[in-house]
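Each chain, letter by letter, is given below.
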Amino acid sequence: MEENTCRCHQKANPREEETLKLLKNRLNRMTGQLTGISRMLDENRYCGDILTQIAAVESALQSFGYLILQEHMETCMAEELKKGNTEIVSEAVELIKKLK
């Protein structure tokens, strides 16, 4: 498979409404934080204050990534393992490396 080929997939089972709501709320909060950082730049705010906000967004994004990873392992990965697809483990390892 070429490096630039889209590897987009659809989940076999849709996310539960409550899970989707939780994930979207977290994403909306991070979007708000990023907007706040942009506003801080416009207001010529102190660098240390901006860096503090950047650290908060990074932490929130990391937590968000781990939630998605957990969901992936509990749903998509578990289903593939039940089907006998052990290659999914290698994919999961690569995804974990990307999250750092």
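In this text the structure is predicted, and so the values were computed from the model without any measurement. (Residues numbered from 1 in each chain as written. Predicted model: local features only at pLDDT ≥ 70, side-chain atom pairs only at ≥ 80, totals over all residues. Heavy atoms only, no water.)

## What about the pattern of salt bridges?
Okay, so step 1: Tallied over the full model, the rule gives 5 salt bridges.
Okay, so step 2: Residue Glu 43 is joined to Arg 45 by a salt bridge in which the shortest nitrogen-to-oxygen separation is 3.5 Å.
Okay, so step 3: In this structure Arg 45 comes out as partly exposed when scored by relative accessible area, which is 38%.
Okay, so step 4: Taking the shortest distance from any N to any O, the salt bridge between Glu 79 and Lys 82 comes out at 3.9 Å. Of this pair, Glu 79 and Lys 82 both sit in helix 2 (residues 47-82), separated by 3 residues, roughly a single helical turn. (Salt bridge = Lys/Arg side-chain N within 4 Å of Asp/Glu carboxyl O. Buried < 20%, exposed > 50% of the residue type's maximum accessible area, 1.4 Å probe, protein only. Helix = DSSP H or I, 4+ residues; strand = E, 2+ residues; numbered from the N terminus.)

## Quick notes on helix 2
Okay, so step 1: Between its first and last C-alpha atoms helix 2 spans 51 Å; for 36 residues at 1.5 Å apiece the expected length is 52 Å, and the two agree.
Okay, so step 2: The principal kink in helix 2, of about 40 degrees, is found at His 72.
Okay, so step 3: Listed in full, the buried residues belonging to helix 2 are Ile 50, Val 57, Phe 64, Gly 65, Leu 69, Glu 71, His 72 and Met 77.
Okay, so step 4: In the core, the buried residues of helix 2 are packed alongside helix 1 (17-42) and helix 3 (87-99).
Okay, so step 5: The positive-phi residue at the C-terminal boundary of helix 2 is Gly 84, with phi of around 95 degrees. (Expected span 1.5 Å × (residues − 1). Bend = angle between axes of the 7 residues up to and from the residue. Contact = heavy atoms within 4.5 Å.)

## Concerning the confidence of the model for the chain
Okay, so step 1: Chain-level pLDDT for the chain is 90 on average; 92% of the residues reach the 70-or-more range.
Okay, so step 2: Within the chain, the lowest mean pLDDT, 93, falls on helix 3, and the highest, 96, falls on helix 1.
Okay, so step 3: Note on residues 1-6: pLDDT is under 50 here. Beyond four places in sequence and across chains, it has 1 contact. (pLDDT = per-residue confidence, 0-100.)

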